[in-house]
Amino acid sequence: NALFTTESLFPQYSGRGLRFVDPQISESAKVRLTHRKQSDIMRYILNYILCDGKYDENFRNCQDFAADFFGFLVGLPPDKCKPFHALCRLTYKHKKHNFLYDPDM
């Protein structure tokens, strides 16, 4: 298994017209989940999406997901993990519990 970091991907995909325009890392921590195989991670993400699939560019967007996912992976309490952009932080309500629960229940 090759070990890679997000930072190692930035040079290859950064710049005008590429995936990242101005990449910035606001937080970093080790994953603390016991069950963290790729299949586990995919199940967590599917649970999250199927529990609440709402998306709104202004109120429930990818920054909300990123904050929830990061907090879930590293075990941060809700008040310690917020979206990057200040406007997103104003309306953010954590939903990281959605990663754990089967949406059919």
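Before reading further, recall that the structure is shown in the block above.
Let me sum up the structure you'll find in this document. (Residues numbered from 1 in each chain as written. Predicted model: local features only at pLDDT ≥ 70, side-chain atom pairs only at ≥ 80, totals over all residues. Heavy atoms only, no water.)

## Things to note about the pattern of salt bridges
Logical step 1: Using the criterion set out here, one finds 3 salt bridges in the structure.
Logical step 2: With a closest N to O distance of 4.0 Å, Asp 52 and Lys 54 form a salt bridge.
Logical step 3: Overall, Lys 54 belongs to the exposed group, its relative accessible area being 64%.
Logical step 4: The closest approach of N and O atoms between Asp 52 and Arg 60, which form a salt bridge, is 3.5 Å. For the pair shown, Asp 52 and Arg 60 are each scored as buried.
Logical step 5: What emerges from the salt-bridge pattern is a single network uniting Asp 52, Lys 54, Arg 60 and Lys 95. (Salt bridge = Lys/Arg side-chain N within 4 Å of Asp/Glu carboxyl O. Buried < 20%, exposed > 50% of the residue type's maximum accessible area, 1.4 Å probe, protein only.)

## Quick look at the side chain of Asp 52
Logical step 1: Positionally, Asp 52 belongs in the loop between helix 2 (38-51) and helix 3 (62-74).
Logical step 2: In this structure the side chain of Asp 52 is engaged in a polar contact, spanning 3.3 Å, whose partner is the backbone nitrogen of Lys 54.
Logical step 3: Setting aside chain neighbours within four positions, we find Asp 52 in contact with Arg 60, Lys 95 and Asn 98. (Helix = DSSP H or I, 4+ residues; strand = E, 2+ residues; numbered from the N terminus. Polar contact = N/O pair within 3.5 Å; in protein donor to acceptor, adjacent residues only side chain to side chain. Contact = heavy atoms within 4.5 Å.)

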